[in-house]
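Spelled out from the first residue to the last, the chains are:
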Amino acid sequence: MTLTHSSAGSGRGRPRGTSRQSRAGVAFVAGYVLLLIAFGVLPTCYAIYFAFTNASGSFTGISNFVTTAQDFRFADSLSHVALYLVFWLLSLVMFVVVLALLLHRLSSGPLSQTLRFLYYIPGALAGAASVLVWLFMLDPTVSPVSSLLETLGFHTFGEVIAPGNLALLFTIIAFWTGAGGWIVVMYGALNNIPKDIMEAARIDGANGWQTAWRVQIPMLRKWIVYMVILAFAGGAQLFVEPQLLSLASNGVAGRDYSLNQLTYDFAFQMNNINGAAAVSVELLVVSVSVAGVFVARSGFFDAD
């Protein structure tokens, strides 16, 4: 009886510092929740409403989804985005993990700090700015790597941005812009691996390759899954790169290359807001479904 009373009393007597930290945490989370509702939940609900109604506000079921799917540009845009996602995700996972492992093998001296800084610089550019940089780089008449482009058989800007090359070009642009930040994140995750685990691997006779494959990469699994989920969601919304490239090439690249471009065209060229909302909802459903599969199959929220 005494023990029970003592336990209850200790539960009620929480330290004042803990209470203050709890209030601060609630304040920070509340700010995020308000922004999430204002700029995430409400616009999503608004788009869902438009996707299932017509211009007069009447419920139309899935007719908007059927209409947009039957558009002659929809299948091509879908295949373009799918091909881009394959290139983008494969290159991101392979090169980011490899470069992070190589960076981690360096001592935390000036070279390591310089490389981390250089990796991060391209990510400081907005998407539009990075595309403008690459428009300059990909034009053989002004590019500083024009000799390389000509060696590869590209003598004009139109040859470089031919439709068959766009998925690879957008992958290069996306990797240059976004991979550096993920390399830094993976580097930080590698630093969090307990030293006794690394020492045990060394004592067991594991070389660098074996340590990376059997110890470090498995312990990076959740970080890799997190990266893939965000990269997939961002890649599925491909818009800035093809849109600017289309404007710069006078339509050679096409203004309906991606699904988001097609959504823009529905909304602002064809005045079909409901069709645009339907495509947006489809992108949302696909992204959430893929994220759910990765989270469920990887044990993302399982305790280590």
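Quantities reported herein were computed from a predicted structural model and do not represent experimental measurements.

1. Remarks on the overall build of the chain
Looking only at helices and strands, the chain has 15 helices and 0 strands in total. Here the C-alpha atoms of the chain give a radius of gyration of 25 Å, more than 25% beyond the 19 Å that 2.2 N^0.38 yields for 304 residues. Principal-axis analysis of the C-alpha atoms gives the chain an extent of 80 × 60 × 30 Å. Looking at the 304 residues of the chain, the share that counts as buried comes to 34%. Taking the intrachain contacts of the chain between residues at least 6 apart in sequence as the baseline, contacts between residues at least 24 apart amount to 66%.

2. Comments concerning the side chain of Gln-243
With respect to the helices and strands, Gln-243 occurs in helix H13 (residues 240-248). We classify Gln-243 as buried; its relative accessible area is 15%. For Gln-243, the residues in contact, after removing those within four places along its chain, are Arg-255, Gln-261 and Tyr-264.

3. What to know about unusual backbone geometry
Backbone geometry places Asn-271, a non-glycine residue, at a positive phi of 55 degrees. Tracing the backbone shows Asn-271 in the loop between helix H14 (259-268) and helix H15 (273-298).

4. Observations concerning the pattern of salt bridges
Applying the stated criterion to the full structure yields 4 salt bridges. Arg-73 is paired through a salt bridge with Asp-265; the nearest N and O atoms lie 2.4 Å apart. Taken together, the positions of Arg-73 in the loop between helix H3 (63-69) and helix H4 (74-105) and Asp-265 in helix H14 put the pair 192 residues apart, joining distant regions of the chain. Like Asp-265, Arg-73 is buried. One continuous salt-bridge network, built from bridges that share partners, spans Asp-71, Arg-73, Arg-255 and Asp-265.

5. Structural notes on a nonpolar patch on the surface
Nonpolar side chains collect at one region of the surface, where Leu-83, Val-86, Phe-87, Leu-90, Met-94, Phe-95, Leu-168 and Ile-172 lie side by side and expose about 730 Å² of accessible area between them. Mapped onto the nonpolar patch, the elements with two or more residues apiece are H4 and helix H9 (166-191). Per-element tally for the nonpolar patch: the top contributor is H4, with 6 residues. As for its position among the elements, Ile-172 is in helix H9.

6. Overview of the nonpolar core
By size, the foremost hydrophobic cluster in this structure holds 52 residues, and its most contacted members are Trp-88, Leu-92, Val-96, Leu-166, Phe-170 and Leu-245. If you tally residues by element for this core, the top one is H9, at 13 residues. Listed in part, the 5 residues of the second largest apolar core include Ala-51, Phe-65, Ala-277 and Ala-278.

7. Section: H15
Think of an α-helix as 3.6 residues a turn; residues three or four steps apart then line up on the same face. Spanning 26 residues, H15 covers 37 Å between terminal C-alpha atoms, matching the ideal 38 Å at 1.5 Å per step. Those residues of H15 that sit buried are Asn-274, Gly-275, Ala-276, Ala-277, Ala-278, Val-279, Val-281, Leu-283, Ser-287, Ala-291 and Ser-298.

8. Section: the confidence of the model for the chain
On average, residues of the chain carry a pLDDT of 86, and 90% of them reach 70 or more. Considering each helix and strand of the chain separately, the mean pLDDT is smallest for helix H1 (residues 2-12), with a value of 47, and largest for H3, with 95. Per-residue pLDDT stays below 50 along residues 1-11; that stretch engages in 0 contacts with residues further than four places along the chain or on separate chains.

9. A look at the packing of helix H12 (residues 221-236) against H15
Where H12 meets H15, the closest approach of the two axes is 10 Å, and the angle between their N-to-C directions is 170 degrees. Relative to H15, H12 is oriented roughly antiparallel. Side by side, H12 and H15 meet where Arg-221, Val-225, Val-228, Ile-229, Phe-232, Ala-233 and Ala-236 of the first sit next to Leu-283, Val-286, Ser-287, Val-290, Ala-291, Phe-294, Val-295 and Ser-298 of the second.

10. Things to note about the packing of H9 against H12
One way to put it is that H9 packs onto H12 with a least axis distance of 11 Å and a crossing angle of 160 degrees. Between H9 and H12, the angle is such that the two are roughly antiparallel. Once H9 is placed against H12, the crossing between them reads as right-handed. Facing H9, whose interface residues are Trp-182, Val-185, Met-186 and Ala-189, H12 presents Trp-223, Ile-224, Tyr-226, Met-227 and Leu-230.

11. Thoughts on the packing of aromatic side chains
In the structure shown here, the tally under the stated rule is 10 aromatic pairs. Centre to centre, the rings of Phe-52 and Phe-65 are 5.1 Å apart; their planes meet at 50 degrees, and the pair counts as tilted. Taken together, the residues Phe-52 in the loop between helix H2 (16-51) and H3 and Phe-65 in helix H3 connect sequence positions 13 residues apart. Owing to a relative accessible area of 27%, Phe-52 belongs among the partly exposed residues under this scheme. An angle of 45 degrees between the planes, with centres 5.0 Å apart, marks the rings of Tyr-264 and Phe-268 as tilted. Of this pair, Tyr-264 and Phe-268 are both found in helix H14, 4 residues apart, which corresponds to roughly one turn of the helix. With relative accessibility at 59%, the residue Phe-268 sits in the exposed group. Taken together, Tyr-46, Tyr-49 and Phe-50 form an aromatic cluster joined through their ring pairs.

Reading the values: the criteria
Residues numbered from 1 in each chain as written. Predicted model: local features only at pLDDT ≥ 70, side-chain atom pairs only at ≥ 80, totals over all residues. Heavy atoms only, no water. Helix = DSSP H or I, 4+ residues; strand = E, 2+ residues; numbered from the N terminus. Rg over C-alpha atoms; globule rule 2.2 N^0.38 Å. Buried < 20%, exposed > 50% of the residue type's maximum accessible area, 1.4 Å probe, protein only. Contact = heavy atoms within 4.5 Å. Salt bridge = Lys/Arg side-chain N within 4 Å of Asp/Glu carboxyl O. Patch = residues over 30% accessible without salt bridge, like charges linked within 9 Å, V, L, I, M, F, W, Y side chains within 5 Å. Areas by Shrake-Rupley, 256 points an atom, 1.4 Å probe, with all protein chains shown as cover. Core = buried A, V, L, I, M, F, W, Y, C linked by side-chain atoms within 4.5 Å. Expected span 1.5 Å × (residues − 1). pLDDT = per-residue confidence, 0-100. Axes fitted to C-alpha atoms, helices over the stretch in contact; angles between N-to-C directions. Parallel < 35°, antiparallel > 145°, perpendicular 65-115°, else oblique. Left-handed = near helix turned anticlockwise from the far one by under 90°. Phe/Tyr/Trp six-rings, centres within 6.5 Å; stacked < 30°, edge-to-face > 60°.

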